[in-house]
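Listed below are the residues making up each chain.
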Amino acid sequence: NVQPDPAAVEFAWQHLNSPDRYIRYAARLAIERNPLTEWQAKALAEKQPNAAFTALLALARLGAAETQPAIVKSLTSIPAANLSEEQILNKLRVIQVSLARQGVPTGEVATQLIADVDPLYPAKSAVVNRELSQVLLALNAPNAVAKTVALLKAAPTQEEQITYVTNLRN
């Protein structure tokens, strides 16, 4: 059983921005072993995309539902325009984990999320489209069904077709 170690948070934090996803993963695990109160504010204030998405993933995994609006505010403060495909996928992963663990938001929080990621959909990448369709359909975004049906009709593979049909079933 690993004991909390505040020094580990400081040490691990610098590695949240590593270009190596395995190092980011290990750093996140080290941070998650410590009480939320020691790192939540730092996670919400992080501005470097790799570090922010990794820290916010930890918060989405461990934070109570009341942390969701703050997570969304932090996520949406990092515009997608300058992000790589991997970073967009990491951002969408944080959203998915938050929806699964903290519930599907409504009202202003949902509107904020939709406004942030809907302009990306459809994307050039099938991988990004798969995740965007899942998130936007879960949020009941306007036009998400129409955009997903259009992608379904144009999908070149059965795998893509199944992905869209599976996402649309809900």
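Computed from a predicted structure; not experimentally measured.

1. Focus on helix α1 (residues 6–13)
(1) Moving on: Of all the residues in α1, the buried ones are A8, V9, A12 and W13. End-on, the buried residues of α1 take up no more than an arc of 125°, which puts them together on one face. Within α1, the exposed residues directed more than 90 degrees away from the buried face are A7, E10 and F11.
(2) Moving on: The inward-facing, buried residues of α1 abut α2 (21–32), α3 (36–45) and α4 (49–62).
(3) Moving on: Near the N-terminus of α1, the side chain that reaches the backbone nitrogen of A7, with its oxygen 3.1 Å away, is that of D5.

2. Focus: the pattern of salt bridges
Pairs can form between side chains of opposite charge once their charged atoms are near each other.
(1) Moving on: For the coordinates displayed, the defined rule picks out 7 salt bridges.
(2) Moving on: The residue D116 makes a salt bridge to K91 at a minimum N-O spacing of 2.8 Å. One end of the pair, D116, is in helix α7 (residues 107–117); the other, K91, is in helix α6 (residues 85–102), and 25 residues separate them in sequence. For the pair D116 and K91, one class covers both residues: buried.
(3) Moving on: One salt-bridge network, in which partners are shared between bridges, spans R28, E32 and R61.

3. Details of the nonpolar core
Generally speaking, nonpolar side chains in soluble globular proteins are found buried as a group.
(1) Moving on: Grouped together as the largest cluster of nonpolar side chains are 49 residues, with contacts concentrated most on W13, W39, L92, V94 and I95.
(2) Moving on: The element best represented in this core is α4, accounting for 9 residues.
(3) Moving on: Setting aside residues up to four positions removed in sequence, W39 forms contacts with V9, W13, I31, E32, N34, A55, A58, L59 and L62.

4. Thoughts on helix α5 (residues 68–76)
(1) Moving on: Three or more residues of α5 are buried, namely Q68, I71, V72, S74, L75 and T76.
(2) Moving on: Summarising the contacts, the buried residues of α5 are in contact with α3, α4, α6 and α7.

5. With respect to the packing of aromatic side chains
Any two aromatic rings considered together are summarised by their centre-to-centre distance and by the angle between their planes.
(1) Moving on: Counted by the stated rule, this structure contains 0 aromatic pairs.
(2) Moving on: Against the face of Y22 rests R21, its NZ or CZ located 5.5 Å from the ring centre.

6. Points about the packing of α6 against helix α8 (residues 126–138)
(1) Moving on: Running from N to C, α6 and α8 cross one another at 30°; their axes reach a closest spacing of 10 Å. Classified by the angle between their axes, α6 and α8 sit roughly parallel to one another. As α6 runs across α8, the sense of the crossing is left-handed. When α6 is examined against α8, the residues E85, I88, L89, L92, I95, Q96 and L99 are found in contact with a partner set consisting of V127, V128, E131, L132, Q134, V135 and A138.

7. A word on the packing of α1 against α3
(1) Moving on: Running from amino to carboxyl end, α1 crosses α3 at an angle of 25°, the nearest separation of the two axes being 10 Å. By the criterion of interaxial angle, the relationship of α1 to α3 is roughly parallel. Of the two possible hands of crossing, α1 and α3 adopt the one that is right-handed. Within the contact between the two elements, α1 uses P6, V9, E10 and W13 and α3 uses E38, W39, K42 and A43.
(2) Moving on: A class-by-class count of the residues in the contact of α1 with α3 yields 5 nonpolar, no polar and 3 charged.

Calculation rules
- Residues numbered from 1 in each chain as written.
- Predicted model: local features only at pLDDT ≥ 70, side-chain atom pairs only at ≥ 80, totals over all residues.
- Heavy atoms only, no water.
- Buried < 20%, exposed > 50% of the residue type's maximum accessible area, 1.4 Å probe, protein only.
- Helix = DSSP H or I, 4+ residues; strand = E, 2+ residues; numbered from the N terminus.
- Arc of directions from axis to C-beta.
- Contact = heavy atoms within 4.5 Å.
- Polar contact = N/O pair within 3.5 Å; in protein donor to acceptor, adjacent residues only side chain to side chain.
- Salt bridge = Lys/Arg side-chain N within 4 Å of Asp/Glu carboxyl O.
- Core = buried A, V, L, I, M, F, W, Y, C linked by side-chain atoms within 4.5 Å.
- Phe/Tyr/Trp six-rings, centres within 6.5 Å; stacked < 30°, edge-to-face > 60°.
- Lys NZ or Arg CZ within 6 Å of the ring centre and 35° of its normal.
- Axes fitted to C-alpha atoms, helices over the stretch in contact; angles between N-to-C directions.
- Parallel < 35°, antiparallel > 145°, perpendicular 65-115°, else oblique.
- Left-handed = near helix turned anticlockwise from the far one by under 90°.
- Nonpolar A, V, L, I, M, F, W, Y, C, P; charged D, E, K, R; others polar.

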